[in-house]
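Secondary and tertiary structure notes
Each chain, written out:
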Amino acid sequence: MLSYKNILIAVDGSTESEWAFNKAVAVAKRNDAKLTIVNVVDSRSYASVEAYDTQIVNKATSFAESLLSGYKEFAEKNGVNNVATKLEFGSPKTVIPKKLAVEFDVDLIMCGTSGLNAVERFIVGSVSESIVRNSPCDVLVIRTETMPDDFEPVVATKELFDEHHEGK
């Protein structure tokens, strides 16, 4: 098979993931592929909160749903005919390559790099690195060092983040 038919793009609301998302839209359009846009809310971080705060989870869920909806609309407006979204909870390092890649029968996972420095990568590990190691299919990691200085997110804007995280 020389073309991809089922592409999964992992997004987290960062500028880096939106840059990767834009490239995924172009690849999906060129290949006439299905594009599945996923956001994994890292629920492990909630375990450290003494009193489990449902408001935190509600804000994260609301933000993720708005993000996915905005990305789906953008992909469709830019010529991708088959777009799906998925919100999942757990560790992105395992959920993306071990669960979602299988669930959606993807033949390509695309993701951005996080911008972690070498020490941070050593301590917490890189999500993209874990996806590469554990994926059942091809993985394309989008280098953010090549992101143009004038790139501005259209979906994952500061306004979207503020709308879901300030006083609501």
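This is a predicted model, so every value here is computed, not measured.

Looking at the pairing of strand β2 (residues 34-41)
- The element β2 is extensively covered by neighbouring structure, given that seven of its eight residues are classed as buried.
- Sheet topology places strand β1 (residues 6-10) next to β2; five bridges connect them, and they run parallel. Bridged to Ile-7 within β2 is Leu-35.
- Following the backbone out of β1, through helix α1 (residues 15-31) and into the adjacent parallel β2, one traces a crossover that is right-handed.

Brief notes about the pattern of salt bridges
- Taken as a whole, this structure holds five salt bridges when the rule is applied.
- Between Glu-88 and Lys-99 there is a salt bridge, with its nearest N and O atoms 2.9 Å apart. On the criterion of sequence distance, the pair formed by Glu-88 in strand β3 (residues 82-89) and Lys-99 in helix α3 (residues 92-103) is long-range, its members being eleven residues apart.
- According to the relative accessible area criterion, Lys-99 is partly exposed, its value standing at 38%.
- The shortest N-O distance in the salt bridge between Glu-129 and Arg-133 comes to 3.0 Å. Of this pair, Glu-129 and Arg-133 are both found in helix α5 (residues 127-134), four residues apart, which corresponds to roughly one turn of the helix.

Some words on the environment of Thr-36
- Within the secondary structure, Thr-36 sits in strand β2.
- Given a relative accessible area of 0%, Thr-36 falls into the buried group.
- Along the chain, Thr-36 and Lys-72 lie 36 residues apart, while their C-alpha atoms are 8.8 Å from each other.
- Apart from the residues within four sequence positions on either side, Thr-36 is in contact with Ile-7, Leu-8, Ile-9, Ala-84 and Phe-104.

What counts as what
- Residues numbered from 1 in each chain as written.
- Predicted model: local features only at pLDDT ≥ 70, side-chain atom pairs only at ≥ 80, totals over all residues.
- Heavy atoms only, no water.
- Buried < 20%, exposed > 50% of the residue type's maximum accessible area, 1.4 Å probe, protein only.
- Helix = DSSP H or I, 4+ residues; strand = E, 2+ residues; numbered from the N terminus.
- Pairing = 2+ DSSP bridges.
- Right-handed = clockwise from strand over helix to strand, strands pointing away.
- Salt bridge = Lys/Arg side-chain N within 4 Å of Asp/Glu carboxyl O.
- Contact = heavy atoms within 4.5 Å.

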